[in-house]
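Notes for the structure review
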Amino acid sequence: MKILLDPGHGLNTPGKRSPDGTLLEAAYNREIAQLTLSRLQANGHDAQLLVPETEDIPLKERVRRVNAHCTALGKTNVILISIHVNAAGDGTRWHTATGWSCYTCKGHTQSDTLADSLYQSAQQHLPGRRIRTDYTDNDPDWEENFYILRHTHCPAVLIENFFMDNKKDLAYLLSQEGRRAIVETIIDGIERCVLTLVSG
Ligand SMILES: [Zn+2]
């Protein structure tokens, strides 16, 4: 299984920071993606960063890279995790929205298997933290036709790791404990999913 980690945005993307400027989303996404990558590789997985560049790479190019892997390896042998931090506003003010969430595109697909695994992992590794769910379609993930989810051919999810414009979430995001738990959630979620897909 080829595991693709997509660190959202680029260091040149405007906005996308905490109101106090201590968290820049693109840099944080890259840090989490890199920590996750190292651990996955150490565990023997075929993992790589979809965007090793630090500048923003257009979504169309990100999708092209994912689908090139799908064509080469078969779309059931690739999974994509896009890593983000959520925000309730435009980064100029603090808000109260809180928690971790995971999105898939609309409809029931193999992406739901990946999202289910990540939610199970989040329940275990983020105790006491709000896990944002949407059960209107009988599964916990949120469905949104984000471009990178709609146009990629393999199972694909987008994770929103808490809110950078919530003071408590931000403190957790920046703590060693929070960083470790977020990375652990992604790794364990991927490993649960790989087991399910391979045995299923
Ligand atoms: Zn983002």
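Before going into details, it helps to say that this report is about the structure given with it. The written sequence of each chain sets the order in which its residues are numbered from 1. The predicted nature of this model means local features are confined to residues of pLDDT at least 70 and side-chain atom pairs, given and counted, to a pLDDT of 80 or more, with totals for whole chains, interfaces and linings taken over all residues. Side-chain metrics in this entry use all non-hydrogen atoms of the structure; hydrogen atoms and water are not considered.

A few points about the overall build of the protein chain
Secondary structure elements follow DSSP: runs of H or I of four or more residues count as helices, runs of E of two or more count as strands, with numbering from the N terminus. When helices and strands are tallied, the protein chain shows six helices and six strands. Beginning at the N terminus, the succession of helices and strands in the protein chain can be written as β-α-β-α-β-β-α-β-α-β-α-α. Just to be clear, the radius of gyration here is over C-alpha atoms, and the globule rule we use is 2.2 Å times residues to the power 0.38. The C-alpha atoms of the protein chain give 16 Å as radius of gyration, which agrees with the globular expectation for 200 residues (16 Å, within 12%). With the C-alpha coordinates aligned to their principal axes, the bounding extent of the protein chain is approximately 45 × 35 × 35 Å. Accessible area is worked out with a 1.4 Å probe on protein chains only. A residue is then buried under 20% of its type maximum, exposed over 50%, and partly exposed in between. For the protein chain, with 200 residues in total, the buried portion stands at 52%. We call two residues in contact whenever any of their non-hydrogen atoms come within 4.5 Å of each other. In the protein chain, 76% of the contacts between residues at least 6 apart in sequence involve partners at least 24 apart. When the accessible surface of the protein chain is split by element, carbon and sulfur atoms take 50% of a total near 9,200 Å². Neither His nor the chain termini are counted; the positive set is Lys and Arg, and the negative set is Asp and Glu. For this purpose, a charge sits on NZ of Lys, CZ of Arg, CG of Asp or CD of Glu. For the protein chain, the separation between the mean place of its 21 positive charges and that of its 25 negative charges on side chains is 3 Å. Working definition of accessibility: Shrake-Rupley area with a 1.4 Å probe, residue cover restricted to the visible protein chains.

Quick notes on helix α3 (residues 110-125)
Each turn of an α-helix holds 3.6 residues, which means side chains three or four residues apart point in the same direction. To estimate the expected span of a helix, count its residues, drop one, and scale the result by 1.5 Å. For α3, spanning 16 residues, the distance from its first C-alpha to its last is 23 Å, which sits close to the expected 22 Å at 1.5 Å a residue. Among the residues making up α3, those that are buried are S111, D112, L114, A115, S117, L118, Y119, S121, A122 and H125. Each element contacted by the buried residues of α3 is listed here: β3 (78-86), β4 (101-104), β5 (142-143), β6 (156-163) and α6 (176-199).

Remarks on the state of the cysteines
Two cysteine sulfur atoms form a disulfide, by the criterion used here, when they sit within 2.5 Å. A full pass over the atoms with the stated rule returns zero disulfides. Left unpaired, C70 is separated from the closest cysteine sulfur, that of C154, by 3.9 Å. Residue classification places C70 among the buried residues on the basis of a relative accessible area of 6%. Cysteine C193 shares no disulfide, and the gap to the nearest cysteine sulfur, in C102, comes to 10 Å. Given a relative accessible area of 0%, C193 falls into the buried group.

Let's talk about the coordination of the zinc ion
Around the zinc ion, the protein contributes the donor atoms H9 (NE2), E25 (OE) and H84 (ND1), which lie 2.1 to 2.3 Å from the metal centre. Here the donor residues of the zinc ion share one chain and are spaced in sequence as H-x15-E-x58-H. Remark: H84 occurs in strand β3 and E25 occurs in helix α1 (residues 25-42); sequence separation between them is 59 residues. Each metal site lists N, O and S donors within 2.8 Å (3.2 Å for Na, K and Ca). With water left out of the atoms, a site can look as if it is missing ligands.

Quick look at the packing of helix α5 (residues 167-174) against α6
Between N-to-C directions, angles cover 0 to 180 degrees, with each direction set by a line fitted to C-alpha atoms, over the stretch in contact for helices. Across the interface, α5 lies against α6 with an axial gap of 4 Å and an inter-helix angle of 80°. If you check the angle between α5 and α6, you find them roughly perpendicular. Facing α5, whose interface residues are Y172, L173 and L174, α6 presents Q176, E177, G178, R179, A181 and I182. Note on angle classes: values under 35 degrees are labelled roughly parallel, values over 145 roughly antiparallel, values of 65 to 115 roughly perpendicular, and the remainder oblique.

Some words on the side chain of S121
Inspection of the secondary structure assignment puts S121 in helix α3. A relative accessible area of 0% places S121 in the buried class. Ignoring any residue separated from it by four or fewer positions in sequence, one finds S121 in contact with E184, T185, D188, G189 and R192.

Here we look at the packing of aromatic side chains
Note on aromatic pairs: the rings of Phe, Tyr and Trp (six-membered ring only in Trp) are paired at centre separations within 6.5 Å, and the planes decide the class, stacked below 30 degrees, edge-to-face beyond 60, tilted for the rest. Summed over the entire model, instances satisfying the criterion amount to four aromatic pairs. Consider the rings of Y103 and W142, whose centres lie 6.4 Å apart with planes at 40°: the pair is tilted. A residue pair is termed long-range when its members are at least 10 positions apart, and Y103 in strand β4 and W142 in strand β5 qualify at 39 residues. Using a relative accessible area of 13% as the deciding quantity, one classes Y103 as buried.

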